[in-house]
Amino acid sequence: MDSRKPRLNLPAGMEASLRIDPVPNLFPAMPKTPSPSKTTYSDRFIPCRSSSRLQNFSLVERSSPAKEGGNDAYARLLRAELLGEGPAACSPSGGPGSPMSPSKNLFRFKTDHSAPTSPFAGLGSSQEGNVASEVSTPPKVPRKIPKTPHKVLDAPSLQDDFYLNLVDWSSQNVLAVGLGTCVYLWSATTSKVTKLCDLGSRDGVCAIQWTREGSYLAIGTSLGDVQIWDGTKCKRIRNMGGHQTRTGILAWSSCILSSGSRDRNILQHDIRVSNDFISKFTGHRSEVCGLKWSHDDRELASGGNDNQLLVWNQRSQNPILRLTEHTAAVKAIAWSPHQHGLLASGGGTADRCIRFWNTANGNMLNSVDTGSQVCNLAWCKNVNELVSTHGYSQNQIMVWKYPSMSKVATLTGHTLRVLYLAMSPDGQTIVTGAGDETLRFWNIFPSVKTPAPVRDTGVWSLGRTHIR
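Reference entry: report on the structure contained in this document. Quick caveat, the model's predicted, so the values are computed rather than measured.

**Overview of the overall build of the protein chain**
Logical step 1: A count of helices and strands for the protein chain gives 2 helices and 31 strands.
Logical step 2: Burial status across the protein chain gives 45% buried among its 468 residues.
Logical step 3: Of the roughly 25700 Å² that the protein chain leaves accessible, carbon and sulfur atoms contribute 53%.

Spelled out as structure tokens, the structure:
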């Protein structure tokens, strides 16, 4: 019998019984234990890859015999370049702590008590020896917006009236301004000023609006008329009536021109037909002071002195949405060019809030208290930002990032309410007007291709000229 097999010391009778009635083998046979002389042991330690961190390893030179002559100098230089060691670390002294010490391994694991718990938390750190810091993304340089206007124009008789809209910038880079009874055109390319029309002493300019093509200009008058002018030929095309009193707001939608009046009505004018207007929207209980078509021409938003924001479409004579959260007149209205159905509106002195709406369901998405009367809103087409102009009591211009609504810049310079706002065709420059009879041009938005352009040309150099 093999001496390595275990035996049971049982009485003779019991052993005999076991041989006569053997117990069935219920368990599989166990493998034989190998001989100690054939057992192979391993001292390799493989750490868990998920819990290891590169910064917990330090490079230490592997022991090697010193080379002679130039080979020794070359080896020290190579170690310095590859291992990041200085001249002292490359010294061939071979003393304790020296890279030549034979008792050291190439990699030595050290305990890092200050390391973050997450294996990815230190990826962006700049500590020495961290490989991830070499490929980290450089910090984004914040866009710098000039705090002063790059051009100022005198605009005598520019009225200080919250309910008027007297400045608009065409897609052909021509600025139209209503001053008293006259409308002037200023070319942003040549700085040439042209007098478009004079309505006479009995009438006055209350609103102006270019077509999207930039060829024709609509003018709302204090008598309630709406005139269409050819901006190139300086010739009036037609005159349309229908309002009982002043027409203070206009909005184009292809061949349809919407006009809002102090008589509380919104008229739809089709310049292709001979009638003065083709339909009338009645929903406001006070003067209509805000009007803006959506970019797809499907919805019309209107604001009134009754603190209401209404949304209309062409298929119904009644508003599809009636939003009443504002507590002051709603003049500032802007549709987002980046998100369908996103509408921004601003309230007057008693409200001071910019509110955002989803016109698909009428839900208010956000509300921001600006601290001042909101006079105008405009969304940038190049980036998801918008600009607001304000009246009482700060008279400032504010640039916001959407949807966080963090302030990008606050611009000051006007001494009275910033009642008028228009944007250049390239979407980079805005012009603001106020009752202080000045027009100020600001470079605030980036272009589509470059992240932070700052235009500085001869035409736009800082100066002060009269618009007439």
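**A look at the pairing of strand E7 (residues 193-198)**
Logical step 1: Pairing of strand E6 (residues 182-187) with E7 involves 5 bridges; the strand directions are antiparallel. Residue tyrosine 184 lies in a different strand from E7, and its bridge partner there is lysine 195.
Logical step 2: Where E6 folds back on E7, the antiparallel hairpin that results is connected by 5 residues, among which serine 191 adopts a positive phi of roughly 65°.

**Topic: the side chain of serine 258**
Logical step 1: Summarising the element assignment, serine 258 is placed in strand E13 (residues 256-261).
Logical step 2: Among the residues examined, serine 258 registers a relative accessible area of 0% and is labelled buried.
Logical step 3: For serine 258, the side chain forms a polar contact with the side chain of glutamine 268, separated by 2.5 Å.
Logical step 4: In this structure the side chain of serine 258 is engaged in a polar contact, spanning 3.0 Å, whose partner is the side chain of tryptophan 293.
Logical step 5: Sequence-distant contacts of serine 258, defined by excluding residues within four places in its chain, comprise Ile249, Leu250, Ala251, Ile266, Leu267, Gln268, Leu291, Trp293 and Leu300.

**Let's talk about the layout of surface pockets**
Logical step 1: One number sums up the size of the largest pocket: a volume of about 1200 Å³.
Logical step 2: Together, 41 residues line the largest pocket, and Asp168, Trp169, Gln209, Lys292 and Met423 are the ones closest to its centre.
Logical step 3: Residue composition of the lining of the largest pocket, grouped by class: 26 nonpolar, 10 polar and 5 charged.

**Comments concerning unusual backbone geometry**
Logical step 1: Between tyrosine 392 and serine 393 the backbone carries a cis peptide bond, its omega angle lying at 5°.
Logical step 2: Topologically, serine 393 is positioned in the loop between strand E25 (385-390) and strand E26 (397-401).
Logical step 3: Cis rather than trans, the peptide bond between tyrosine 402 and proline 403 has omega equal to 10°.
Logical step 4: Among the structural elements, proline 403 can be located in the loop between E26 and strand E27 (406-411).
Logical step 5: Non-glycine residue serine 157 carries a positive phi angle of around 70°.
Logical step 6: Structurally, serine 157 is set in the loop between strand E3 (151-154) and strand E4 (167-169).
Logical step 7: Of the residues examined, serine 157 reaches a relative accessible area of 36% and is grouped as partly exposed.
Logical step 8: Located in the positive-phi region is methionine 405, a residue other than glycine, with phi close to 55°.
Logical step 9: Here methionine 405 shows up in the loop between E26 and E27.

**Some points on the environment of threonine 190**
Logical step 1: With respect to the secondary-structure elements, threonine 190 resides in the loop between E6 and E7.
Logical step 2: According to the relative accessible area criterion, threonine 190 is exposed, its value standing at 53%.
Logical step 3: Separated by 16 residues in the primary sequence, threonine 190 and valine 174 have C-alpha atoms spaced 9.7 Å apart.
Logical step 4: Among the polar contacts made by the side chain of threonine 190, one reaches the side chain of serine 187 at a distance of 3.2 Å.

**So, the packing of aromatic side chains**
Logical step 1: Counting across every chain of the model gives 7 aromatic pairs.
Logical step 2: Geometrically, the ring pair formed by phenylalanine 356 and tryptophan 379 is edge-to-face, given 6.0 Å between the ring centres and 75° between the ring planes. Of this pair, phenylalanine 356 sits in strand E22 (residues 353-358) while tryptophan 379 is found in strand E24 (residues 374-379), placing the two residues 23 residues apart along the sequence.
Logical step 3: Taking relative accessible area as the criterion, phenylalanine 356 reaches 0% and is therefore assigned buried.
Logical step 4: For tryptophan 379, a relative accessible area of 7% translates into the label buried.
Logical step 5: Ring centres of phenylalanine 356 and tyrosine 402 lie 4.9 Å apart, and the angle between their planes is 45°; this geometry places the pair in the tilted category. Of the two residues, phenylalanine 356 is situated in strand E22 and tyrosine 402 in the loop between E26 and E27; the sequence distance between them amounts to 46 residues.
Logical step 6: Residue tyrosine 402 is classed as buried on the basis of its relative accessible area, which comes to 11%.
Logical step 7: Cluster of aromatic residues (ring-pair linked, three or more members): Trp169, Trp186 and Phe441.

The rules behind these values
- Residues numbered from 1 in each chain as written.
- Predicted model: local features only at pLDDT ≥ 70, side-chain atom pairs only at ≥ 80, totals over all residues.
- Heavy atoms only, no water.
- Helix = DSSP H or I, 4+ residues; strand = E, 2+ residues; numbered from the N terminus.
- Buried < 20%, exposed > 50% of the residue type's maximum accessible area, 1.4 Å probe, protein only.
- Areas by Shrake-Rupley, 256 points an atom, 1.4 Å probe, with all protein chains shown as cover.
- Pairing = 2+ DSSP bridges.
- Polar contact = N/O pair within 3.5 Å; in protein donor to acceptor, adjacent residues only side chain to side chain.
- Contact = heavy atoms within 4.5 Å.
- 1 Å grid on protein atoms, 1.4 Å probe; cavity = no way out; pocket = protein on both sides within 12 Å on 5 of 7 lines; lining within 4 Å.
- Points joined across faces, edges and corners; volume = space filled by probe spheres on them.
- Nonpolar A, V, L, I, M, F, W, Y, C, P; charged D, E, K, R; others polar.
- Phe/Tyr/Trp six-rings, centres within 6.5 Å; stacked < 30°, edge-to-face > 60°.

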